[in-house]
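Chain by chain, the residues:
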Amino acid sequence: WAQRGVAFEIIVVDDASDDDTPARLEQWAAAGRLRWFRHEQRLGACAARNRALREARGEFVAGLDDDDEMLPGRLAALLAALRPDHAFACASDWFIEPGRPARIRVAPARIDAGAILARNVAGNQVLAQRARVLACGGYDESLPAAQDYDLWIRLVLAHGPARGLRQPLQRIHVAADAGRISRSAGRRRGYWRVYRKHRALMSESARRAHLYNLRRASGRTTRLPRDLRFFAPGNRARLLWHACRDALWGAPTP
């Protein structure tokens, strides 16, 4: 196993798969590698995540989507970085997308309310105290997308700034598969509802940055000077990078 130096359990929630997933999970469970649970009806990724949170027995929790990879040492590094006054710990990610160069999303060292309300700078998975995640209500199953982002906002608002590591410790495989939450037709609706949910707490620059995220979520290219209205503090370097990248590679996959 690549996650040495940390005592951990693996929990898998099978959300009503229709292939050989149960047989494989039963085989791995018999070898003592994991515990698994099955939904007989498809309830969605966030219901599966919440089930895993309820079934977990450890003090800390960290997730992994079925199409992504933890890099060696991820759990140990996040656990070492987390302090009692941190809402959670996260790390940078590699993004792997067919036909495009691999890129890194760099996590800031300190993620306060202003940063997380502007956009999701934490990524799709973090390490946090299980009790805190449950106390915040877990993942909002009513949202069609951006449930992870919504939870990170609530954790930071409830428990203070989070810690980010610059080291990339996860590979995110960006597929064109419409079944993926981040690529589904509901992605833009999810981000819009998160914006509506937390808008009252956002600064003007955070609102502009979030509205820019909505454009990106719908697959719109970034063009200057057209998009200068989104040129807000904390969003400038990202907007310029997107404008250059889109000129070379085209619009992002929605």
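Novice: Honestly, the pairing of strand 2 (residues 35-39) in this entry has me stumped. Any pointers?
Specialist: Both faces of the sheet carry side chains from a regular strand, because those side chains alternate between them. Pairing of strand 1 (residues 11-15) with strand 2, which is carried by five bridges, proceeds in the parallel orientation. Residue pairing in the sheet places Asp14 in a bridge with Arg38 of strand 2.

Novice: Would you explain helix 7 (residues 187-198) in this entry?
Specialist: Side chains of residues three or four places apart in an α-helix project in the same direction, reflecting 3.6 residues per turn. Spanning 12 residues, helix 7 covers 17 Å between terminal C-alpha atoms, matching the ideal 16 Å at 1.5 Å per step. When we look at burial in helix 7, the residues that qualify are Arg187, Gly190, Tyr191, Val194, Tyr195 and His198. Looking down the long axis of helix 7, one finds its buried residues gathered within 140° of arc, a one-sided arrangement. The inward-facing, buried residues of helix 7 contact helix 4 (113-118), helix 6 (147-159) and helix 8 (204-217).

Novice: Please clarify how the nonpolar core should be interpreted in this entry.
Specialist: Side chains that are nonpolar tend, in soluble globular proteins, to be buried together. With 36 residues, the main nonpolar core has Phe88, Ile116, Ala122, Trp152 and Leu155 as its most contacted residues. Within the residue set of this core, elements represented by two or more residues are helix 2 (45-55), helix 4, helix 6, helix 7 and helix 8. Sort the elements by how many residues they give to this core and helix 6 lands first, with six residues. In contact with Ile116, other than residues within four places in its own chain, are Ile111, Val121, Ala122, Tyr149, Trp152, Ile153 and Val156. Core analysis: the next-biggest nonpolar cluster, separate from the first, contains 10 residues, Leu78, Leu127, Leu165 and Leu169 among them.

Novice: What is the right way to look at the pattern of salt bridges in this model?
Specialist: Side-chain pairs of opposite charge can arise whenever the charged atoms involved come near each other. For the structure on display, the rule yields 15 salt bridges. As a salt-bridge pair, Asp93 and Arg105 come within 2.9 Å of each other at their nearest N and O atoms. Of this pair, Asp93 sits in strand 5 (residues 89-96) while Arg105 sits in strand 6 (residues 103-105); the two residues are 12 residues apart in sequence, bridging distant segments of the chain. Owing to a relative accessible area of 2%, Asp93 belongs among the buried residues under this scheme. The exposure class of Arg105 is buried, given its relative accessible area of 14%. Each of Asp140, Asp150, Arg154 and Lys197 takes part in salt bridges that share partners, so that together they form one network.

Novice: What exactly am I supposed to notice about helix 2 here?
Specialist: Most of helix 2 is tucked away, with eight of its 11 residues classed as buried. For helix 2, the set of buried residues is Cys46, Ala47, Ala48, Arg49, Asn50, Arg51, Ala52 and Leu53. Looking at the packing, one finds that the buried side of helix 2 touches strand 1, strand 2, strand 3 (60-62), helix 5 (130-135) and helix 6.

Parameters and conventions
Residues numbered from 1 in each chain as written. Predicted model: local features only at pLDDT ≥ 70, side-chain atom pairs only at ≥ 80, totals over all residues. Heavy atoms only, no water. Pairing = 2+ DSSP bridges. Helix = DSSP H or I, 4+ residues; strand = E, 2+ residues; numbered from the N terminus. Expected span 1.5 Å × (residues − 1). Buried < 20%, exposed > 50% of the residue type's maximum accessible area, 1.4 Å probe, protein only. Arc of directions from axis to C-beta. Contact = heavy atoms within 4.5 Å. Core = buried A, V, L, I, M, F, W, Y, C linked by side-chain atoms within 4.5 Å. Salt bridge = Lys/Arg side-chain N within 4 Å of Asp/Glu carboxyl O.

None of the figures reported here should be taken as evidence of function without further support.
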